[in-house]
Amino acid sequence: MSLFWPCRAVLTFSLLLFSSASLPVMAEQLPPPEGDVLLRVTGDIENTNVGDELHLDRKMLMSLSTRVTETSTPWTEGVGRFEGPLLRALLEAAGIRNEHVRIQALNEYETEVPVADFHEYDVILALERDGEPIAVRDLGPMFVLYPFDEHPQLLNETIRHRSVWHVGSIHVP
Ligand SMILES: Nc1nc2c(c(=O)[nH]1)N[C@H]1C(S)=C(S)[C@@H](COP(=O)(O)O)O[C@H]1N2
Ligand SMILES: [Mo]
């Protein structure tokens, strides 16, 4: 009789574990965008909201985990206060498995970037400079920004290639 309760407790506990483990895992489902689509994430992604793609407007992008990076860049005047979602947060929202992504500009420039960069550094998709949207003629509507002033070693040719301006989509191979 003294063994009965502990055994029952163990049985109940394992049943609980079993039933919660067998619940379907609900992906963080993002609703379709209401505003203009700024970014399309395509390819091998788990979380979609328009067909098999993830489309995001400005509000959705800025509601992800964002960061302010104060830095100079080889392409902009002075030190800017840039803000936008962390690339790692964005790719996590899309649900990716791949270790590389192709970042594509509106002007057909595109390049492959290792996802490891986004864990090693706080790389953002800069949407604002000094609180204002970035115009297409100034690298906008979004550009990939590495924190150059915090990590001067990032000022090299490889990272400059990965600093895509006029970003329109990210493809996950
Ligand atoms: N949209 C867009 N982004 C781009 C490029 C481009 O041609 N279009 N060139 C890339 C490359 S190869 C480099 S080296 C830098 C350009 O820097 P630079 O013109 O100051 O050398 O931006 C990168 N981002
Ligand atoms: Mo380049």
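First, a word on scope: everything that follows refers to the structure included in this document. Treat the numbers as computed from the prediction; the structure is a model and nothing was measured.

Some thoughts on the pairing of strand β5 (residues 100–105)
And step 1. Pairing between β5 and strand β6 (residues 110–114): 5 bridges, direction antiparallel. Bridge assignment links H100 to a residue of β6, and that residue is P114.
And step 2. Adjacent in sequence and paired antiparallel, β5 and β6 are bridged by 4 residues, among which E108 carries a positive phi angle near 80 degrees.
And step 3. Two strands pair when backbone bridges link them, and β5 and strand β11 (residues 167–172) are joined in this way by 4 bridges, in the antiparallel orientation. Among the inter-strand pairings, I103 is bridged to a residue of β11, identified as I170.

Quick notes on the nonpolar core
And step 1. Grouped together as the largest cluster of nonpolar side chains are 43 residues, with contacts concentrated most on L39, L56, L90, I103, F118 and Y146.
And step 2. Mapped by element, the contributors of at least two residues to this core are β1 (37–43), β2 (54–57), α2 (58–62), α3 (87–94), β5, β7 (124–126), β10 (143–145) and β11.
And step 3. Here the element with the most residues in this core is α3; it accounts for 6 residues.

Here we look at the sheet that holds β2
And step 1. The strand order across the open sheet built from 5 strands is β2-β1-β11-β5-β6, with neighbouring strands paired in mixed fashion. Of all strands in the sheet, those bounded by a partner on one side alone are β2 and β6. Here the strands of the sheet are splayed against their neighbours by 20 degrees on average, with no regard to which way each runs.
And step 2. Bridging between β1 and β2 involves 4 bridges; their strand directions are antiparallel. Residue R40 lies in a different strand from β2, and its bridge partner there is H55.

Criteria and cut-off values
- Residues numbered from 1 in each chain as written.
- Chains lettered and ligands numbered in written order.
- Predicted model: local features only at pLDDT ≥ 70, side-chain atom pairs only at ≥ 80, totals over all residues.
- Heavy atoms only, no water.
- Pairing = 2+ DSSP bridges.
- Helix = DSSP H or I, 4+ residues; strand = E, 2+ residues; numbered from the N terminus.
- Core = buried A, V, L, I, M, F, W, Y, C linked by side-chain atoms within 4.5 Å.
- Buried < 20%, exposed > 50% of the residue type's maximum accessible area, 1.4 Å probe, protein only.
- Axes fitted to C-alpha atoms, helices over the stretch in contact; angles between N-to-C directions.

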